[in-house]
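# Structure at a glance
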Amino acid sequence: MDSTGLILNTLADGTIAHQLQSKLASEKVNAEVIDTSGMKISHCIGCNYCFLKTPGVCAIKDDYEQILKKLAHSDMAWLISDTHFGFINSNGKKVMDRVLPLLNMGLEFREGEMRHTLRYDKLSVGLIYCGDGNQELLDFWCERASKNLGGHSLGAYSSDKIEEVKICM
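Our focus in this paragraph is the overall build of the protein chain. Along the protein chain, the regular secondary structure elements total 4 helices and 8 strands. The order of helices and strands in the protein chain, counted from the N terminus, is β-α-β-α-β-β-α-β-β-β-α-β. Rg of the C-alpha trace for the protein chain: 15 Å, near the compact-globule value of 15 Å for 169 residues, within the 12% margin. Structurally, the protein chain occupies a C-alpha span of about 45 × 35 × 30 Å along its principal axes. In the protein chain, buried positions account for 46% of the 169 residues. Across the protein chain, the fraction of contacts at a sequence separation of at least 24, relative to all contacts at a separation of at least 6, is 70%.

This is the structure we're talking about:
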């Protein structure tokens, strides 16, 4: 079975996203690019409606709803983001912070750490960043985000090293 991927592009220029899409296609990964740069995506407000009142559905009604539905059916998600102060910028951060509806409120131990139980299949996370990112911090973030979603880190890569992107399945 072929894998499915989602490329969440937060940059105004879609060149990197389309390069990555071509690389994934050569690895037999069906990948869709979503350009989030012009979308209305609000910050997570931590209301927990996606756990308590509307399980699996975010209470915020904006352009993120379509992304969430696609993430629920993807094996991997690649975020393409600028960096500020060594970390992903605010647009990249709010795109990833809104994945909470993919999880259940229940908790379990996974790999020796307390984690929310998964509502859907595992999701692995990767990052391609522009600017002066802190490589160690961004690798650590990819690892933690992937663990939270039950997947494995695809790694963090500077945009000038896109040729080094390796798909770990």
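The subject of this paragraph is helix α1 (residues 15–26). Taking 1.5 Å per residue, 12 residues should reach 16 Å; α1 reaches 17 Å between its end C-alpha atoms and fits that length. Those residues of α1 that sit buried are Ile-16, Ala-17, Leu-20 and Leu-24. Buried residues of α1, viewed axially, fall in a sector of 95°; they line one side. Its buried side turned inward, α1 meets β1 (3–9), β2 (29–35), β3 (76–84) and β7 (124–130).

Once that is clear, we can look at the confidence of the model for the protein chain. Note: predicted coordinates in regions of low pLDDT should not be interpreted at a detailed level. Model confidence for the protein chain is summarised by a mean pLDDT of 91, while 96% of its residues fall at 70 or above. The weakest mean pLDDT in the protein chain belongs to α1 at 88; the strongest belongs to strand β4 (residues 87–88) at 97.

Phi is positive for Phe-85, which is not a glycine, with a value near 55°. On the secondary structure map, Phe-85 appears in the loop between β3 and β4. Given the relative accessible area of 89%, Phe-85 is considered exposed. Positive phi outside glycine occurs at Glu-111, with the angle close to 55°. Turning to its location among the elements, Glu-111 is positioned in the loop between β5 (103–110) and β6 (113–118).

Moving on, we get to the pairing of β5. Across 5 bridges, β5 lies against β6 in antiparallel orientation. Across the sheet, Arg-110 pairs through a bridge with Glu-113, a residue of β6. Linking two consecutive strands that pair antiparallel, namely β5 and β6, is a turn of 2 residues; a positive phi of about 55° is found at Glu-111 within it.

Reading the values: rules and limits
Residues numbered from 1 in each chain as written. Predicted model: local features only at pLDDT ≥ 70, side-chain atom pairs only at ≥ 80, totals over all residues. Heavy atoms only, no water. Helix = DSSP H or I, 4+ residues; strand = E, 2+ residues; numbered from the N terminus. Rg over C-alpha atoms; globule rule 2.2 N^0.38 Å. Buried < 20%, exposed > 50% of the residue type's maximum accessible area, 1.4 Å probe, protein only. Contact = heavy atoms within 4.5 Å. Expected span 1.5 Å × (residues − 1). Arc of directions from axis to C-beta. pLDDT = per-residue confidence, 0-100. Pairing = 2+ DSSP bridges.

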